[in-house]
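Below, each chain spelled out in residue letters.
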Amino acid sequence: MQRFDSVGCDLVMGTAVRATIISHERWGVMAQVIGHETVGASVDAGVIDSPSGSPQARPEEYPPVGGQVDAVVQEINRYHPPAWIRLTMRAANLREFSWTCGCCGQLTILSPGGDGVTVDVRSSEGPGCASFAAHRSCLAGRLNPDFDGDRARVKAVGRDQPPPPAIGIGNQSPR
């Protein structure tokens, strides 16, 4: 079975990326995420800052075709082929990207250091991937209380962790 949903699997919502603008459209711009050129990407005008103060960027305010921009992965669609990435270029999102928690409905911060994680749902029966964001605490709190290891991993995944203690240190018998 061919799994199209593995394309760009190292990208998650909240990931900062560089992208090249490849075309202007009425609704926004088409882009190519550097290092992920085989995955389609776009930026809606509503998530491009408008120097004129408009709620969405006007076509003349779009970044130039061929130019490189900083962006954040807003959404990834791997449910049906082809895989597609929606980006945001808003300065506020570049500083701190938030998305609605699929558990409680409140915003969770997906930027590094934030309290959010992305959950990918896949099946062995066929391709396709559904993703949602969640607060670490919301997701951990919904796991079976007997799954202590899973709850701890949800709270720790992606965080800087102190190295585990060296085996045998403090437990060695004198010679």
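Quantities reported herein were computed from a predicted structural model and do not represent experimental measurements.

## Regarding the packing of aromatic side chains
And step 1. Considering all chains together, one arrives at one aromatic pair under this definition.
And step 2. For the ring pair Phe-97 and Trp-99, a centre distance of 5.8 Å and an interplane angle of 20 degrees mean the geometry is stacked.
And step 3. We classify Phe-97 as buried; its relative accessible area is 2%.
And step 4. With a relative accessible area of 26%, Trp-99 lands in the partly exposed category.

## Looking at the sheet that holds strand β2 (residues 28–33)
What holds strands together in a sheet is hydrogen bonding between their backbones, with the strands either parallel or antiparallel.
And step 1. Taken in spatial order, the five strands close into a barrel running β1-β2-β3-β5-β4, and their pairing is mixed. The sheet shows a mean angle of 50 degrees between the axes of neighbouring strands, direction not considered.
And step 2. Pairing geometry for strand β1 (residues 16–25) and strand β4 (residues 68–77), over five bridges, is antiparallel. The residue of β4 that forms the bridge with Val-17 is Ala-71.

## Here we look at the pairing of β2
And step 1. Counting buried residues in β2 gives five out of six residues, a clear majority hidden from the surface.
And step 2. Alignment of β1 against β2, held across six bridges, turns out to be antiparallel. Directly across from Glu-25, in β2, lies its bridge partner Gly-28.
And step 3. Linking β1 to β2, which pair antiparallel, is a turn of two residues.
And step 4. Where β2 and strand β3 (residues 40–44) come together, four bridges link them in antiparallel fashion. In the strand pairing of β3, Ala-31 is matched with Ala-41.
And step 5. Turn length for the β2-β3 hairpin, with the two strands adjacent in sequence and antiparallel, is six residues, and the turn residue Gly-35 shows positive phi of about 90 degrees.

Scoring rules and cut-offs
Residues numbered from 1 in each chain as written. Predicted model: local features only at pLDDT ≥ 70, side-chain atom pairs only at ≥ 80, totals over all residues. Heavy atoms only, no water. Phe/Tyr/Trp six-rings, centres within 6.5 Å; stacked < 30°, edge-to-face > 60°. Buried < 20%, exposed > 50% of the residue type's maximum accessible area, 1.4 Å probe, protein only. Pairing = 2+ DSSP bridges. Helix = DSSP H or I, 4+ residues; strand = E, 2+ residues; numbered from the N terminus. Axes fitted to C-alpha atoms, helices over the stretch in contact; angles between N-to-C directions.

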